[in-house]
Amino acid sequence: MNVSSALKIAASLTLVFALGACSSKSKKEDESVIGQRGGRGPDSALSGAAGDLRKSTKFSTLSQNIRFNVGSSELNASSRRALDEIASELKKTANSYEKIRISGLTDPQGDTDRNLRLSEARATRVRDYLVSRGVDEDKLETIGKGAVARDSLGTSSQMARDRRVDFEIVE
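Cut-offs used in this document
- Residues numbered from 1 in each chain as written.
- Predicted model: local features only at pLDDT ≥ 70, side-chain atom pairs only at ≥ 80, totals over all residues.
- Heavy atoms only, no water.
- Phe/Tyr/Trp six-rings, centres within 6.5 Å; stacked < 30°, edge-to-face > 60°.
- Lys NZ or Arg CZ within 6 Å of the ring centre and 35° of its normal.
- pLDDT = per-residue confidence, 0-100.
- Helix = DSSP H or I, 4+ residues; strand = E, 2+ residues; numbered from the N terminus.
- Contact = heavy atoms within 4.5 Å.
- Salt bridge = Lys/Arg side-chain N within 4 Å of Asp/Glu carboxyl O.
- Buried < 20%, exposed > 50% of the residue type's maximum accessible area, 1.4 Å probe, protein only.

Chemist: Hey, could you run me through the packing of aromatic side chains in this one?
Modeler: Remark: the centre distance and the inter-plane angle together describe each pair of aromatic rings, the angle taken between the planes. Considering all chains together, one arrives at 0 aromatic pairs under this definition. Between lysine 139 and the ring centre of tyrosine 97, over which it is positioned, the NZ or CZ distance is 4.7 Å.

Chemist: Help me understand the confidence of the model for the chain in this model?
Modeler: Should the pLDDT be low somewhere, the predicted coordinates at that spot are not to be read in detail. Predicted confidence across the chain gives a mean pLDDT of 74, with 64% of residues reaching 70 or more. Taken element by element, the chain is modelled with least confidence in helix α2 (residues 27-32), mean pLDDT 36, and with most confidence in helix α5 (residues 112-132), mean pLDDT 97. For residues 1-49, every residue scores under 50 in pLDDT, and the model assigns this stretch 69 contacts once sequence neighbours within four places are set aside.

Chemist: Is there a simple way to think about the pattern of salt bridges in this case?
Modeler: Opposite charge on two side chains lets them pair, provided their charged atoms get close. Counting across every chain of the model gives 9 salt bridges. In this structure, the salt-bridge partner of arginine 125 is glutamate 74, at a minimum N-O distance of 3.0 Å. A residue pair is termed long-range when its members are at least 10 positions apart, and arginine 125 in helix α5 and glutamate 74 in the loop between α3 (57-63) and α4 (77-92) qualify at 51 residues. Given a relative accessible area of 48%, glutamate 74 falls into the partly exposed group.

Here's what the structure looks like:
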């Protein structure tokens, strides 16, 4: 492993551990997912990140704001506003990452196959929106993960948080 790779891994782990304290997800998801944390953080542009997406508090904060209605992949006005700002962050920091994975998720209600298709549609919808705002399509990949795993359906607010996309820096 070269020094550059080691530094990238160290920076990623630092961010994951820092954000992990606020997470309501499983430890495994905490180790791999950027964004989607509870609460509202600072709304400054890069908060001293010097063009590094991994250090952008704005990106991780805005990522929390992409939510969907039950059974829908349509972007509401609030999600579009957050995606506009995410697109700006992605364009400003494009040299700090090679690929962002957009993972679509659903709440646990309904049929497994339908939830998988819906989660894929959500991820694709977000990618297409970001591309329409000038983000390089080659830097984005999508995956549908289906329903968030849990022992029971959960409360209505838990299920609302499950209807989302997660962003992960993969390269």
